[in-house]
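Inside the fold
Take a look at the letters that make up each chain.
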Amino acid sequence: MISAFFIYNQKGEVLISRLYRQDLKRSVADIFRIQVISNTDIRSPIVTLGSTSFFHVRHENLFIVAVTKCNANAALVFEFCYRLVNIGKAYFGKLDEEAVKNNFVLVYELLDAEFEMHLERTFCNAIKAKEVLDFGYPQNSETDTLKLYITTEGVKSERALKEDSSKITIQATGATSWRRPDIKYRKNEAFIDVIESINLLMSAKGTTLRADVSGQIMMRAYLSGTPECKFGLNDKLLLEKDTSHKGMARKSTAVEIDDCQFHQCVKLGKFDSDRTISFVPPDGEFELMRYRTTENVILPFRVHPVVNEIGKSRVEYRVTVKANFSPKLYANNVLIKIPTPLNTASINVRVASGKAKYVPAENAIVWKIPRFQGQYEVMLSGDAELSAMTVKKAWSRPPISMDFQVLMFTSSGLLVRFLKVFEKSNYTSVKWVRYVTCIKKYDQICGAMRSLLI
Amino acid sequence: MMNSDSSLSIKDSTYAVSTVVKSIMTDFRISRPNFFSTPKKGENYELRADLNSEYRDRRKDAIKKVIANMTVGKDVSGLFPDVLKNMQTDDLEQKKLVYLYLMNYAKTQPELVILAVNTFVKDTDDSNPLIRSLAIRTMGCIRVEKIIDYLCEPLRKCLRDENPYVRKTAAICVAKLYDLSPNLAIDNGFVSTLQDMVSDANPMVVANAVTALAEINETSSTKDIFIINAPTLTKLLVALNECTEWGRIAILAALAEYKPADSKEAEHIVERVVPQFQHVNGSVVLSAIKVIMIYMRSIKNDEAIRQLVRKMAPPLVTLLASAPEVQYVALRNINIILQKRPEILANEMRVFFCKYNDPPYVKLEKLEIMIKLANERNIDQLLSELKEYASEVDVDFVRKSVRAIGQCAIKISEASERCVNVLLDLINTKVNYVVQEAIVVIKDIFRKYPHKYEGIIPTLCQNLDALDEPEAKASLIWIIGEYAERIENADELILTFLDTFHDENFQVQLQLVTASVKLFLKKPQSAQNIVQRSLQIATSECDNPDIRDRAYIYWRLLSTDPQAAKAVVLSDKPPISVQSNAISSSLLEELISNISTLASVYHKPPETFLGRGRFGADAVQRRAIEEQEEASRESPIQAQTKTNIENLLDLDFSDTNTVNSTTSSLPSSSKSITQPTANVDDLLDLFNDNTITSTQSSSNIQNNSVSNDLVNLF
């Protein structure tokens with residue numbers, strides 16, 4: 001499938017080159033450099049030259065490139081590239097030119113290694129590792145699995161290694177490849193974090209065009225043995241179906257989930273048939289599920305911006321922000337970025353609370369409010385002086401973006417109803433639940449409040 | 001300095017890395033010299049000495065250095081025997097590095113590879129399953145004739161290994177061997193072993209066996225290597241739920257090839273596949289969607305189909321939250337799915353609204369899909385959205401947005417007035433490229449709704465001076481000619497254009513000739529001079545044969561029978577209908593079978609961008625030339641593309657220089673690179689005229705003026 005894999009730096013120098021099939025020559029790397037890296041016109045992530053297709057993903061200052069000569073599964077190739085980035089991040093903290101150069105042997109091992117299991121989103125404790133591609137077919141990519149295997153082998157004694165490797169191979173191919181069988185904890189605990197981020201699009205007049213919530217349920221499981229977990233949410237479909245809850249299926253509190261994805265440990269067939277979420281969790285932290293809702297989204301903040309361009313030399317700002325949640329709660333680390341025109345010379349701002357200052361490098365006024373009580377309202381007013389420009393190019397008016405955290409508040413109203421743990425030894429376990437709503441920066445899952453300025 | 005930084009960054013990273021690993025990693029780094037440092041003179045000599053050193057660490061570092069040199073493209077094949085000596089080791093990492101080197105240079109030193117065979121065979125007997133699989137995998141990757149004979153025994157053993165990890169590696173190795181020597185693989189019974197492995201107890205082994213079989217099947221001449229029957233089908237469905245994400249994709253791909261016996265069986269399989277929609281990996285979701293789209297063909301139960309369509313919408317929407325590249329693939333596929341099942345996302349228009357920070361290629365795809373989803377109910381929302389896009393700064397995107405407004409007007413007649421109003425607002429912004437694009441689409445609106453929006457013509461004419469692009473100019477001239485009786489100063493306007501006739505692009509010239517004839521037919525008294533002058537210039541001073549011939553036809557018509565000319569030139573034209581970008585139904589079915597693959601991204605059948613190696617390319621080229629000769633007899637325009645095609649096919653990467661001279665071709669939808677796209681389009685037209693309708697809007701646009709006039713003639 002994938003015939004070759006390359007990593008380039010920004011200048012187009014090859015840092016990693018791995019050919020999986022013989023239908024290509026090493027010089028194919030030069031073709032990508034000439035045709036794509038040094039050609040700024042190319043906007044598509046897929047380029048086909050003759051019968052050779054190049055898929056590329058940019059990360060930090062790297063080009064991660066997969067080359068195929070067949071009608072490859074494009075979605076798979078990109079997912080694979082991103083998975084590689086995630087593995088790299090898990091290994092090196094940050095995947096950039098420096099990290100690749102310093103660890104090129106490791107990167108080769110990762111790549112070389114067949115992508116044996118599933119490149120995984122869990123970055124919990126390392127268990128072992130396999131190889132990434134065999135003959136260009138992704139094989140294994142569970143970071144945990146990859147990790148222990150690749151990092152420890154130079155260190156461990158030969159005998160330990162032998163024992164370990166046979167465990168690895170069994171785990172890599174076994175039914176629960178994500179979990180070792182012999183985990184023991186003195187205190188059995190499970191933590192659940194519900195993290196929601198809001199995608200919001202507002203029109204110029206302040207009406208909400210689109211508000212949806214994408215949530216993540218992160219779990220940290222410190223449980224012994226092979227526990228079977230059952231997990232319940234106030235999922236509308238389930239509550240309506242479940243006869244025993246019919247009386248208490250208060251429709252107001254149930255949440256309609258548009259779509260959700262699960263960690264591979266969740267039995268998908270079971271969810272499909274009766275919407276119960278049951279699984280044997282990996283050890284440590286992992287993303288149990290992701291979901292999306294669009295109904296009845298409660299917005300934690302309202303932003304009313306008034307931005308006027310007065311002549312060619314001045315822009316006037318008045319931005320008010322109101323917290324919509326209960327006064328008992330408060331938001332932490334509120335950060336509001338209000339974009340300014342590129343030719344801003346100086347800026348004058350006044351704020352009632354928090355600190356605001358102009359950051360020229362970001363072309364924005366950055367307004368920080370460390371603690372923001374519910375139902376509270378704050379205002380920023382100010383104006384920007386613009387320097388004269390010879391060519392009057394329209395200002396694109398980028399969106400205002402916000403970044404914050406509200407503890408114990410979910411925009412969707414989602415609640416965890418229960419988490420049950422069943423294990424042979426029948427131990428009791430302690431469970432903790434925490435809810436966080438945040439808007440991730442718009443370059444992440446996007447919490448951009450677009451066009452508030454227009 | 002570097003060490004403290006990097007260990008810090010690990011600490012800082014959001015993901016908890018166990019402390020053990022952390023300390024190991026740090027140690028690892030401290031001891032690591034910089035392998036990428038600039039080479040000194042006689043480096044290979046030094047490396048050779050180090051490779052033969054008595055100290056283990058020294059040897060290992062030397063191997064790393066060799067690999068680093070190999071990466072940057074330096075020739076280190078001379079060190080082959082020295083590296084080979086280090087193959088026999090207990091250090092797994094060192095072993096892997098040596099294997100990596102072997103895979104790269106085995107071809108250059110076929111004689112010496114034999115020396116490695118012993119170690120390989122020994123390793124396949126190792127007690128450590130990892131080493132066994134590593135050895136068999138590497139042996140498969142060394143494509144040297146001499147080693148093949150030694151491969152069979154270990155492979156046979158590994159295929160029956162007790163450890164599933166080794167078995168699944170061996171399964172892929174069969175595909176490698178088949179690629180090299182099909183007969184050997186069949187004669188030794190490996191292929192039939194592989195067929196048995198589909199029933200293996202371990203789902204991972206099943207997945208890899210399926211992958212290998214599918215690959216072998218594709219390259220085999222008989223195509224009968226991998227046939228799914230009832231028992232294997234059950235096996236696959238069971239394995240589907242148990243194996244890794246990549247394994248699932250392989251199994252789903254195999255299921256897509258299976259032809260269900262009847263509607264009932266299809267429903268049963270679909271039921272087992274639907275849960276995959278909840279998978280976190282976008283490519284698994286797309287593969288599942290592909291299977292379901294294909295199986296829907298055989299499902300007769302309407303209710304079941306309705307249910308499936310309903311279930312398919314949420315995962316498709318969720319794909320839009322993935323990484324931009326995956327989104328792009330998803331959007332291209334949604335485009336195909338929407339043509340087959342337009343009802344699927346009818347209420348989901350909002351999720352396709354562009355985000356400020358979407359990359360351009362995603363934005364353009366979203367626009368296309370929004371046009372597809374537009375209907376009377378959501379048009380207002382869409383229009384205000386499009387209007388906003390038109391005030392953004394990315395010129396290409398703004399143009400496409402304006403064009404989208406026009407397409408909505410043509411698609412939804414109830415909303416055409418609102419669309420025209422939005423376009424007028426945009427023209428009043430006086431932003432040059434917005435005005436030009438708006439005029440081009442307004443011409444199309446006029447063609448769809450003749451005599452409905454004539455009131456806006458004065459506004460259009462006010463912007464005459466701002467126009468500098470041929471297409472916009474040609475459009476406005478067409479409007480002037482078409483509505484000459486309503487425009488008081490039409491003759492003046494045409495006259496101003498005639499003054500610069502020689503400087504204009506040929507499509508503007510064509511329009512000018514036609515418009516002046518129309519003007520004359522509508523206002524015979526005032527426009528006699530104009531028509532004479534324009535025909536004069538076009539026939540005597542213009543080198544373009546099309547313009548000259550057209551002018552002659554008009555001239556003859558006018559001089560022999562003005563009434564007939566009127567009947568021909570001013571006859572009522574049938575209004576244009578929707579829609580650019582429709583894919584013919586046969587191609588659509590083929591694309592659905594290719595969902596998630598490159599073909600679905602390009603909206604082109606796979607054989608148009610795949611060559612079968614060099615020989616394949618030769619065959620295609622021969623065929624292309626034959627067809628070319630045929631085609632050139634019929635159409636002189638296509639003949640121009642001949643050179644391009646030859647260049648494109650010459651590309652075989654054996655020599656970088658040829659590639660430099662070849663134009664890059666990006667048959668993607670973004671059309672940001674129009675020139676090469678056009679080449680490929682032409683290429684397509686040559687290869688299969690019947691399957692590809694001329695769908696590309698870029699070529700349509702160029703042809704617009706021509707077809708307008710064609711319409712004018714009849």
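Residues numbered from 1 in each chain as written. Chains lettered and ligands numbered in written order. Predicted model: local features only at pLDDT ≥ 70, side-chain atom pairs only at ≥ 80, totals over all residues. Heavy atoms only, no water.

The subject of this paragraph is the packing of aromatic side chains. All names here are of chain A. Taken as a whole and judged by the stated rule, the model has 26 aromatic pairs over all chains. Here F6 and Y8 contribute two aromatic rings whose centre-to-centre distance is 6.0 Å and whose plane-to-plane angle is 50 degrees, an arrangement assigned as tilted. Y8 carries the same exposure label as F6, and that label is buried. Ring plane angle 70 degrees and centroid distance 4.6 Å describe the contact between F301 and F404, whose orientation is recorded as edge-to-face. A residue pair is termed long-range when its members are at least 10 positions apart, and F301 in strand β14 (residues 301-310) and F404 in strand β21 (residues 400-407) qualify at 103 residues. F404 sits in the buried class, given a relative accessible area of 2%. Note that K420 overlies the ring of F418, its terminal NZ or CZ placed 4.4 Å from the centroid. (Phe/Tyr/Trp six-rings, centres within 6.5 Å; stacked < 30°, edge-to-face > 60°. Buried < 20%, exposed > 50% of the residue type's maximum accessible area, 1.4 Å probe, protein only. Helix = DSSP H or I, 4+ residues; strand = E, 2+ residues; numbered from the N terminus. Lys NZ or Arg CZ within 6 Å of the ring centre and 35° of its normal.)

Quick look at the pairing of strand β1 (residues 4-9) of chain A now. Residue and element names in this part refer to chain A. Within β1, six of the six residues are buried, which leaves the element mostly enclosed by the surrounding structure. Residues A4, F6 and Y8 point to one face of β1 and F5, I7 and N9 to the other, with burial holding for every one of them. Relative to strand β2 (residues 14-19), β1 runs antiparallel, the two being bridged by five bridges. Bridge pairing links F5 to R18 in β2. Following β1, the chain reverses through four residues before pairing antiparallel with β2; G12 in that reversal takes a positive phi of roughly 95 degrees. Examined bridge by bridge, β1 and strand β5 (residues 62-68) share six bridges and lie antiparallel to one another. Bridging across to β5, Y8 finds its partner in F63. (Pairing = 2+ DSSP bridges.)

Either a parallel or an antiparallel arrangement is found when strands of a sheet pair, and the pairing is made through backbone hydrogen bonds. Residues and elements named next belong to chain A. The four strands are arranged β14-β15-β20-β17 in an open sheet whose pairing can be described as antiparallel. Edge strands, defined here as strands with exactly one partner in the open sheet, are β14 and β17 (344-351). Strand-to-strand twist of the sheet, defined as the mean angle between neighbouring strand axes without regard to direction, takes the value 15 degrees. Summarising the sheet, β17 and strand β20 (residues 377-386) pair through seven bridges and their orientation is antiparallel. Within β20, the residue paired with I347 across the bridge is A384. (Axes fitted to C-alpha atoms, helices over the stretch in contact; angles between N-to-C directions.)

Once that is clear, we can look at the confidence of the model for chain B. Residues and elements named next belong to chain B. Looking at chain B, the pLDDT average stands at 78 and 79% of residues meet or exceed 70. Contacts of residues 1-31 to residues separated by more than four positions or lying in other chains number 38 contacts, the stretch itself having pLDDT below 50. Note on residues 613-620: pLDDT is under 50 here. Beyond four places in sequence and across chains, it has six contacts. (pLDDT = per-residue confidence, 0-100. Contact = heavy atoms within 4.5 Å.)

Our next topic: the nonpolar core. One recurring pattern in soluble globular proteins is that nonpolar side chains are buried together. By size, the foremost hydrophobic cluster in this structure holds 262 residues, and its most contacted members are F5 of chain A together with Y101, F120, L255 and F352 of chain B. Ranked by residue count, the leading element in this core is helix α2 (residues 74-92) of chain A, at twelve residues. Membership of the second largest hydrophobic core comes to 32 residues, among which are A190, L233, C265 and F271 of chain A. (Core = buried A, V, L, I, M, F, W, Y, C linked by side-chain atoms within 4.5 Å.)

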